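A structural walkthrough
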Amino acid sequence: MAEKATVKENTPIVDGKYQSKNLLFLSEFMKKKGLTTIDLANAVGVTRQASHHWLKTDDMRLALADRLFRSLGYTIGFRLLYNGEVIADSTTVENSERKLNFLKIALQRRGITYAQAQKMSGFGEGTMNLYMKRDDIPMSRLMKLVESLDMVLNITLKRTDRIVPEENTSRQTVAFE
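Overview of the structure. Bear in mind the structure is a predicted one, so any value in this text is a computation, not a measurement.

Quick look at helix α2 (residues 37-44) now. Of all the positions in α2, only T37, L40, A41 and V44 are classed as buried. Burial along α2 is one-sided: seen end-on, the buried residues are contained in an arc of 100°. Looking at the buried side of α2, the elements it contacts are α1 (24-33), α3 (48-57) and α4 (62-71). Remark: G45 follows α2 within two positions and exhibits a positive phi of approximately 75°.

Shown next as structure tokens:
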């Protein structure tokens, strides 16, 4: 009798598909829209291997995600919740051309300094300052930070010509049309 194959928790592949945590929003969007890694690559002018790498490693920079969705005709929005209350929303913050202003505002409202956020997330010294200065953060780091600060990240994808998001209640929520 053959034994059932078991999958280790740290393997990125289950049943022939990549597990997705940090890029769950991208995986769901691709599935709903019938997009392939080639479609993603063409949208931002990279190779298919590069877009495949994002899904394989379950990570990409926030600025790249923003560029990708803009090229597909969507805007990406980030809303942070703490104890069920919205504490920052990238679509309503002042100076919203800065991609990480929603994170800065959330930390300020929670009374958390960059140094405290780094320590709570296990990031190296100066990491938060660097992310804020560059106005970019890897999605894996953003998710780790959000989870370590006991917050929830809602991600919305809106068609640039329409503004009616769907709702989802998972830890990383995503809404798109």
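Moving on: the packing of aromatic side chains. Ring pairs (aromatic) are described by centroid distance and by the angle formed between their planes. Applying the stated criterion across every chain yields a total of five aromatic pairs. Measuring from ring centre to ring centre gives 5.0 Å for F29 and F69, while their planes differ by 80°; the resulting arrangement is edge-to-face. Linking F29 in helix α1 with F69 in helix α4, this pair joins segments that are 40 residues apart in sequence. Using a relative accessible area of 1% as the deciding quantity, one classes F29 as buried. By relative accessible area, which is 0% here, F69 ends up buried. Centre to centre, the rings of F78 and F102 are 5.2 Å apart; their planes meet at 10°, and the pair counts as stacked. Residue F78 is found in strand β3 (residues 74-82), and its partner F102 is found in helix α5 (residues 101-110); the two are separated by 24 residues along the sequence.

Calculation criteria
- Residues numbered from 1 in each chain as written.
- Predicted model: local features only at pLDDT ≥ 70, side-chain atom pairs only at ≥ 80, totals over all residues.
- Heavy atoms only, no water.
- Buried < 20%, exposed > 50% of the residue type's maximum accessible area, 1.4 Å probe, protein only.
- Helix = DSSP H or I, 4+ residues; strand = E, 2+ residues; numbered from the N terminus.
- Arc of directions from axis to C-beta.
- Contact = heavy atoms within 4.5 Å.
- Phe/Tyr/Trp six-rings, centres within 6.5 Å; stacked < 30°, edge-to-face > 60°.

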